[in-house]
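The chain contents come next:
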Amino acid sequence: MSIFTDHALTWLTFIPLLGVLINCVVTSSFTVRVITLVTTLVVMVYGLVLCVLFAGNKAATLAYVEHYPWISLVNANYFVGLDGINAIPVVLTLLLMPVVVLAAWRNPRAGRLFFSLLLIEQTALLGVFTALNFYHWFVFYELTLVPVYFLIKYYGGTHRSDAAFKFFLYTLAGSVLLFVCYQLLHYYTGTLDFVTLGGHGIMDTIEGPLPGQDFERMVPSALAIFLFWGIFIGLAVKVPLYPLHSWLPDAYTQAPPEVVMLMTGVMSKIGIYALVRLLLPLFPELNAQFAPLVAWLAALSIIVSILVALQKKEIREVFAYSSMNHVGFCVLAFACVMGGAAVSSSDKAFALSGLFLQVFSHGITAACLFYFAGLLEERGNTVLISGFGGLRNVAPVMTGLFGVALFASIGLPGLSGFVSEFLIIRGTLPSYPWQTAVSCAGLIVTALVFLKLMERIFFGPVTPQSETIHDLTPMEKVTLIPLIFLMFAIGLFPQPLVYLAQGAIQLIEGGVGQ
Amino acid sequence: MSDLCPRLFCIVALAPFLAALVSAFMRREQKKNSAILAIAGISASLVFALCGLVYVLTHGPITVGFNWIVPGANAIRLSWVLDPLSTSMAAMVSFVGLLIFIYSYAYMHDDVNVTRFFTFLSLFAGGMLTLVISNSLLLLFMAWEIVGLASYLLIGFWYHKPEAVAAARKAFITTRVGDIFFLIGIVWLYSLTGTITFLEEGRGLLEGNRLQPIAAAGLIFGLPALGWCCLLIFGGAAGKSGQIPLHVWLPDAMEGPTPVSALIHAATMVAAGVFLIARLYPVFVLVPLVLHIVAWIGVLTALLGAFLAVAQNDIKRILAYSTISQLGLMMLGLATGGPAVGMFHLMAHAFFKALLFLGAGSVIHGMAGEQNIWKMGGLRKSMPVTCLCFVVGYLALSGFPFLFSGFWSKDEILAATFAFDRTLFVLAVVVSLLTAFYMTRLVMLVFFNPSRAADGFHAHESPRLMTMPLIVLAIFSIGFGFIGTPWWNGFGKFLAGHHGAEAEHHVNYFVMVLSSLIALSGIGAGYLVYRGRGLTDPLETRLGVVYRLLAQRLYIDEMYDAVIGGGLRMISKLLNAIELAFELVLRLLSAVVTGLAWILEKAGDRYLVDGSFDRMCDGLRITGKRFLSVQRGQITETIGYGTLGVVFGCLIVWSLLK
Amino acid sequence: MIPLNFYLFFAAALFSIGLAGVLIRRNTIAVLISLELMFNAANINFIAFWRYGLMPEQFGGYLFTLFSIAIAAAEVAIGLALAILIYRKFRNIEVDRLNDLKEDIE
C-alpha cells in the first residue's frame, strides 16, 4: 500500500501506459475499448482518491512530492507534486478521459492505435500537470503534442494533414521560445524547479529550507523583460490568445470530435496552467508593470474571437472561437492576479478562484459542445450550420441536452459557466474596469452567437440532412450524463472545487508573486 | 416554531423548481399530471408566502443564509429575507401565478406540448420567487437570469413559428444587454462596499447609514461612484422592465401564448426591475441625481408606450405597449415617492394587467385565434363574463375614480410627482389621458361596437376554468385599491414596516380631482371618437403621417437592427477578413521559409557540400584508375617487381647494418 | 678445400639464372623449371653453409635441405596440376595470356 502513496503521482501518470501495453497484444476492437475504458476509470478513481485525501489534508501545501535528481548538470530533476494550482487541472483530466473514451466508442475508424494514443496522451497530460521542474515539465509538454498530431493526421477530416502539421509546428514554435527563455533563466538563477523559482520553496523534503529567493534580482532587467515576454508569448500560443491563435480553427475542425473534446477540454488548459505556474512567480515587478497590458490582450482576445464567431458558417468553427473566448477570461483573471500592489488581495483571490473554476467549467462545457457537434456532423453528413434545422422535432432529447450545454457556455446561473465568470469579473473589475467592460460586452455577443446557432439548428423547418438524424442512443446518453451532471453540480455547488484550489488562493493572498 | 418559519420560507422558491424538475421528465401525454404538479407547486409557494407575510406582520425582518463560495478569506453568501417587501411580492406573484396556471390549463388544453409548457412555467415561477425573496444581489441576479431563460423558452414556445423564435431571441439579447450593465453594477457595488447582501446584521447594503460615507466619493463625470453603480443597476432594471431604450422586446414577446404574456410580461417578470429599484431604494436615495434620471426615463417610457399604444391594432400589442407605459409610471412613482408608491402601483397593475391579458386571451380563444381588434366587436353579448371582467380591468387601468385600484395607485404617483417636479407631473398627466383614451378605443372596438367578424361566426364564452381567474382578478382589481388610499395607507405602512415612520402624508385633493377629471375625459374622448366605428380608424385619417409613424412604432426596431445589428455584422466581417489575413501571413511565412530552404538546399547543400564531396570522390577514382592501369594481370610482371623490391630492401637493410 | 665463396657464387649464379627464367620465359612449364633452379640454388646455399658452418656434425643442415627438396617436389606437383587445369580451360599456358586478374579499365 505504501508503494501507491509514496510514488502516487508517478503511478498516476504512468498507469495509462500499462493500458497501452495491454492494448498492443489485444486484437478485438471491443476488447481494446474495454481495456482503455477500464484503464482510464482506474486512473480516475485512483486520482480522485488522491485528490480527496489531499483536500482532506487542508489542501494547503504541496502533497505527494517526489524529487529525484535526473540530469544534475542542468539542474533537471524529476519533481512532481500536487498542490492548489494543479489539483483542478488534474481532476479535469481524470474526469474527461473516460468520457472521451466513451465518446470514441462508436467511432468505426478507431482501433488499437487510436485508443493507445489516447492513453499516451493521458500520461502526457498528467505528467504536464504534476511536473514541477522545467525539464521534466517540458518533456511532457512536448509529449502532449505527439499523440494529438497523429490522431489528427490519421483520423481527422478532409484537411487533416495540413491541420495536424500547422498545429504541431505552431505550438512547437511557442515551446521553442519557452525553452530558450528558460535556458537563459537557468543560467542566471541556477535552478529549474518551479517551486523554488516561486520563492515558496517547499520545506525540508528537498535540500534544506529555502528562503524566498529574489530571483528577479539575479537577472539583468532588460533580459528580464525579454524573458517575461518570451515566456508569455510562448504560452500565449498554447492558450491561445488572439493574434497567435491561427492553429486553433483548423485543428478543432479537422480533428476527430473525441480528440477535440480532449484538446479543448484539457490541452487548452495547459497554457493557462503554465502561465500561473511558470510565469507568475518569476518577476513580480514586471508582473505588476505589464498586468494592464496583459488584461487588454485578454479583453481583445475575448471580444474579437466571439465577433469572428458571429460570421462563421460551420458548427465547429463557432465552437472553436467561442472556446477561445472562454479561455480569454482565464487570461483576464490571470492578469488580475499578476496585478501587484495595485490590486487588492481579495480581488486576486476572487480572480484566481474564478480562473480555476473557469478552467474546469470550460473544460466540461466545451467538451460537451464538441461532442454534440461531432454527433450532428456524423449523422447529418454536413458541417454547416445551415445544413441543420428543426432538430427539436426529430431529436428532442438531444436538443434538450445540447441546449443545456449551450446555455452553460452562455453563462446562465445554475450552470457552471456563471460562477466562474462572476468570480473573474468580481476580481478584475475594480482594477481593470475598461478591460472588464469590454469582456462583458463579449458576453452579450456570446449569447447572440449561441442563440442564433440554437435557432438555426433546433427550430425552423426540418432540413433534408436533419431528417435522418436519430435521437441519442443509450451509449451517448451515458457519455453525456457525467458532463451534464457536472455542469449543474459545479453551477450549484462550486465550493468543493474552490476548496481544492485554496492552497493557491492562500498563496496569492499571502503575497506570492508580489 | 418561530425559528422554523424563516427557514422554511425558501420553500416558496423551491417548490416550483421541484415541480419543474419532476415534470421535465414527464412524457408528453401526461398533460393533466404536469398541470396538477405545477399548480401544486405554486400553491405550496402561496401557502408559505402567506405564512411569511403573517410572520413579518408579527415579527421584524429576518434573514436566513449560508456560505456558498469561499475563495480564500472572503465568503460569498446566499440568503433570503422575510420582510414586508419580499413577502408581499412573494404572495402576489404566487397568487397571480396560481390563477394564471389554472387559466393556462384550459387555454393550452389543445396544445401538444402542455407538459413542457408547465415545466417552463414552474421554472419561471421558481426563478421569480427566488428573485423576490433573495437577500443578496448575487442570488437576485442569478434568479434574474433564470427568469430571463424561462421567458426565452416561453416566448419561443411555439417554436415552429419563426416570429416567435425571433422574438424570443430579441427578448433574451435585449435583456442580456441590461443584465450585463446590472452585473457590472453589482460587482462594482460589491467592490466599493464589500458586501452584496441587503440585510446582514448591520453590515448589509440597506442598513442604517452604512453607505452614507461613500455616497459622494469617487466622482466620475460629476456622479459619485455609488451613483454610477446605481445607474448600471438601473440599466438592468430598464432591460427587464422595458424602459427606453431597451423596451423593444416587450411588444414582440406577445408572440408567446397569452398566459405567458399575462404572467411574465405584465404581472411579474417585467415588474422585477421595479422591484429591484424598490429593494435598493435606500441606496438610490443617497444619490438624488440618479433618482432624477430614473424619473425622467420612467416618464419618457410612459409617454412612448402610451403614444404607440394608440396606433396599434393587435389586442395584445396594445396591452404590451400599455404595460411599457405603466412600467414607466411605476419607475416614476418609485423615483418620486419611494417604494410604497411604486410597489403599490406594481401590485395593482399586476392584478388588472393580468386580468386584461387573460381577458384578451379569452377573447382570442373565443374568436378562434383572431387578434386584430378591427375584426372583433359585439363581444359584450356573446362573452358577457369576459366582457364584464375586462371592463373592470379597463376601468382600473384608466384610473376611473374611487372605485378601482388603478385610480388610487395612479393618484399616489401623481401626487408624489406633483411634489417632485411640475414638468414630470404634466407629462404624467398626459400619459394618464392617453391611457384612458387608448383603452377606451380597445374596449369599444372589441366589445361594444357592432360585430365585424365573418358572417356566421359566433364567439362563445370561455370555459369556467378560464373565467374563474378573471373574476377573482377583477375582485382584486377593485378591492386592492382600498388598502392604499391617502386617508388610510395600510400598504405604505406595511412596507415601511418597523423601520421608522413613513413620510408625512397630506392628502392632495387637487391632484385627486385632476386625475379623476383626466380619466373621465380620456374615457369620454375615446367614446366620442370610436362610437359606432367599425372599419377604419378616424385617427388614421385625421393624423396621417403621425399615425403611420406611431403604427410603425417610430421605426425604432428597424433602427436598432440597422445600427446595432448591421454594425455587428460589419465588424464581424472585418474581423473575419483579418483572420484570412492571418492565414495569408502564415502561408507567406511558410513560403518564405520553404523558399529559403530550397535555395539553401540547391545552392548550398547540393552544390557546395554535396558537390565538393562528389568531386573529391571523382578525383580519387580517376587517380585510382590511373594507378590501376599499371596492373596488367601478368604474373611475371608481378613477380619481377616483387623481386626488385626485395632486392632493394635487402640493399637498404645491408647498408643500414653497415 | 674449395673456399665457401665459390659455392655461394655458384648458388647466386644459379639463382639468377632461375629468376631470369621465371621472369622471361612464357611457358608455364619453363617457369616451373626455372623455379626449380631457384630452389636448388637455395639448397646449395644451405649445404654450403652447413659444411663450412659452425656445427658440421649436426643433422640440421642436410635435414633442412631434404625437407626443401621434398616440398619443392610437392609444389611442382601442384604447379603441374594447375598447369594442366589451366591448359584445359584456356588452351594456352603462356603466362602472358593468363591475365584474368587484370582490372578492366572502363
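Refer to the structure printed above.
Residues numbered from 1 in each chain as written. Chains lettered and ligands numbered in written order. Predicted model: local features only at pLDDT ≥ 70, side-chain atom pairs only at ≥ 80, totals over all residues. Heavy atoms only, no water.

Enquirer: Just checking my understanding: could you explain the nonpolar core for this structure?
Expert: Generally speaking, soluble globular proteins have nonpolar side chains that are buried together. Ranked by size, the top nonpolar core spans 431 residues in total, and within it Trp-137 and Met-263 of chain A together with Leu-137 of chain B carry the most contacts. With 19 residues, helix α15 (residues 345–380) of chain A is the single largest residue contributor to this core. Discounting residues that sit within four places of it in the chain, Leu-137 of chain B has contacts with Phe-182, Ile-186, Leu-189, Ile-196, Phe-198, Leu-205, Ile-233, Leu-276 and Leu-280 of chain B. (Core = buried A, V, L, I, M, F, W, Y, C linked by side-chain atoms within 4.5 Å. Buried < 20%, exposed > 50% of the residue type's maximum accessible area, 1.4 Å probe, protein only. Helix = DSSP H or I, 4+ residues; strand = E, 2+ residues; numbered from the N terminus. Contact = heavy atoms within 4.5 Å.)

Enquirer: Sorry if this is basic, but what is going on with the interface of chain A and chain B here?
Expert: Accessible area lost during the coming together of the parts is what is often quoted as the interface size. Across the contact, 53 residues belong to chain A and 42 residues belong to chain B. Between chain A and chain B the total buried area reaches about 4,500 Å² when both faces are included, carbon and sulfur atoms providing 72% of it. Contact with chain B buries surface across chain A, with Gln-311, Phe-422 and Ile-444 of chain A losing the most and accounting together for 13% of the total. Applying the counting rule to chain A against chain B returns two salt bridges. Note that Arg-169 of chain B is salt-bridged to Glu-455 of chain A, the shortest N-O span being 2.7 Å. Counting the contacts that link chain A with chain B gives twelve residue pairs in polar contact (both at pLDDT 80 or more). Tallying contributions element by element places helix α19 (residues 433–458) of chain A first for the side of chain A that touches chain B, with ten residues. Classifying every residue of the side of chain A that touches chain B by side-chain character gives 34 nonpolar, eleven polar and eight charged. (Buried area = accessible area lost by both parts, 1.4 Å probe. Salt bridge = Lys/Arg side-chain N within 4 Å of Asp/Glu carboxyl O. Polar contact = N/O pair within 3.5 Å; in protein donor to acceptor, adjacent residues only side chain to side chain. Nonpolar A, V, L, I, M, F, W, Y, C, P; charged D, E, K, R; others polar.)

Enquirer: Would you mind going over the side chain of Glu-142 of chain A with me for this structure?
Expert: Residue and element names in this part refer to chain A. If you trace the backbone, Glu-142 turns up in helix α6 (residues 134–155). Buried within the structure, Glu-142 lacks any salt-bridge partner; its nearest side chain of opposite charge belongs to Lys-238, at an N-O separation of 7.8 Å. Aside from chain neighbours lying at most four places away, what touches Glu-142 is Leu-172 and Ser-175. (Lys, Arg positive; Asp, Glu negative; His and termini not counted.)

Enquirer: Which parts of the structure should I look at to understand the packing of helix α18 (residues 416–428) of chain A against α19 of chain A?
Expert: Think of two packed helices as two axes; the pair is described by the angle between the axes and how far apart they sit. All names here are of chain A. For the pair α18 and α19, the least separation of the axes is 9 Å and the interaxial angle reads 155°. Between α18 and α19, the interaxial angle falls into the category roughly antiparallel. Considering only the axes of α18 and α19, their crossing is left-handed. Residues Glu-421, Ile-425 and Thr-428 of α18 form the contact with α19, whose own contacting residues are Pro-433, Thr-436, Cys-440 and Leu-443. Across the contact of α18 with α19, the residue classes tally to four nonpolar, two polar and one charged. (Axes fitted to C-alpha atoms, helices over the stretch in contact; angles between N-to-C directions. Parallel < 35°, antiparallel > 145°, perpendicular 65-115°, else oblique. Left-handed = near helix turned anticlockwise from the far one by under 90°.)

Enquirer: Teacher, can you tell me more about the interface of chain C and chain B here?
Expert: Taken together, the contacts link 13 residues of chain C with twelve residues of chain B. Between chain C and chain B, a total of about 1,100 Å² is buried, with carbon and sulfur atoms accounting for 67% of that surface.

Enquirer: Would you explain the state of the cysteines in this entry?
Expert: One way to say it: the disulfide is the covalent bond shared by the sulfur atoms of two cysteines. Inspection of every chain in the model, using the stated rule, returns zero disulfides over all chains. No disulfide involves Cys-368 of chain A; its sulfur sits 18 Å from the nearest other cysteine sulfur, which is in Cys-330 of chain A. The class of Cys-368 of chain A is buried, set by a relative accessible area of 0%. We note that Cys-387 of chain B lacks a disulfide partner, and the nearest cysteine sulfur, in Cys-389 of chain B, lies 9.1 Å from it. (Disulfide = S-S within 2.5 Å.)

Enquirer: What is the right way to read a nonpolar patch on the surface from this model?
Expert: Residue and element names in this part refer to chain C. Residues Phe-46, Ile-47, Phe-59, Tyr-62, Leu-63, Phe-64, Leu-66, Phe-67 and Ile-71 make up a contiguous nonpolar surface patch of about 890 Å² in total accessible area. Breaking the nonpolar patch down by element, the ones donating at least two residues are α2 (28–51) and α3 (60–90). Element by element, the count of residues in the nonpolar patch is highest for α3, at six residues. Looking at where Leu-63 falls in the secondary structure, it is placed in helix α3. (Patch = residues over 30% accessible without salt bridge, like charges linked within 9 Å, V, L, I, M, F, W, Y side chains within 5 Å. Areas by Shrake-Rupley, 256 points an atom, 1.4 Å probe, with all protein chains shown as cover.)

Enquirer: Even after reading the chapter, I still don't get the pattern of salt bridges, so can you show me in this structure?
Expert: Opposite charge on two side chains makes pairing possible when the charged atoms of those side chains draw close. Summed over all chains, the structure comprises 17 salt bridges over all chains. A salt bridge links Arg-379 of chain A to Glu-476 of chain A, with the shortest nitrogen-to-oxygen separation between them at 2.5 Å. Taken together, the positions of Arg-379 of chain A in helix α15 and Glu-476 of chain A in helix α21 (residues 474–492) put the pair 97 residues apart, joining distant regions of the chain. Since its relative accessible area comes to 11%, Arg-379 of chain A is described here as buried. A relative accessible area of 9% means that Glu-476 of chain A is categorised as buried. Residue Arg-317 of chain B is joined to Glu-255 of chain B by a salt bridge in which the shortest nitrogen-to-oxygen separation is 3.4 Å. Here Arg-317 of chain B is found in helix α14 (residues 315–337), whereas its partner Glu-255 of chain B is found in the loop between α9 (249–252) and α10 (258–267), with 62 residues between them in sequence. Each member of the pair, Arg-317 of chain B as well as Glu-255 of chain B, is classed as buried. What emerges from the salt-bridge pattern is a single network uniting Lys-161, Lys-170, Asp-252, Glu-255, Arg-317 and Asp-557 of chain B.

Enquirer: In this structure, what is going on with unusual backbone geometry? I would like to understand it.
Expert: For residues other than glycine, phi is negative in most cases, and the peptide bonds are mostly trans. The omega torsion of the bond from Val-239 of chain A to Pro-240 of chain A falls at -10°, within 30 degrees of zero and hence cis. A cis geometry characterises the amide bond from Ile-244 of chain B onward to Pro-245 of chain B, with omega recorded as 0°. In this fold, Pro-245 of chain B is placed in the loop between α8 (225–240) and α9. Although it is not a glycine, Asn-381 of chain A sits at a positive phi angle of roughly 60°.

Enquirer: Explain the pairing of strand β2 (residues 76–82) of chain A to me, please; I cannot follow it from the model alone.
Expert: Along a regular strand, successive side chains alternate from one face of the sheet to the other. Residues and elements named next belong to chain A. Within β2, seven of the seven residues are buried, which leaves it mostly tucked inside the rest of the structure. Neither face of β2 is exposed, since Ala-76, Tyr-78, Val-80 and Leu-82 on one face and Asn-77, Phe-79 and Gly-81 on the opposite face are all buried. Here strand β1 (residues 63–71) folds back onto β2 in antiparallel fashion, the turn holding four residues, of which Asn-75 has a positive phi close to 60°. (Pairing = 2+ DSSP bridges.)

Enquirer: Please explain the environment of Arg-392 of chain A as it appears in this structure.
Expert: By the secondary structure assignment, Arg-392 of chain A is in helix α16 (residues 391–394). As a C-alpha pair, Arg-392 of chain A and Leu-17 of chain A span 375 residues in sequence and 42 Å in three-dimensional space. Aside from chain neighbours lying at most four places away, what touches Arg-392 of chain A is Thr-399, Phe-458 and Phe-459 of chain A together with Arg-116 and Tyr-159 of chain B.

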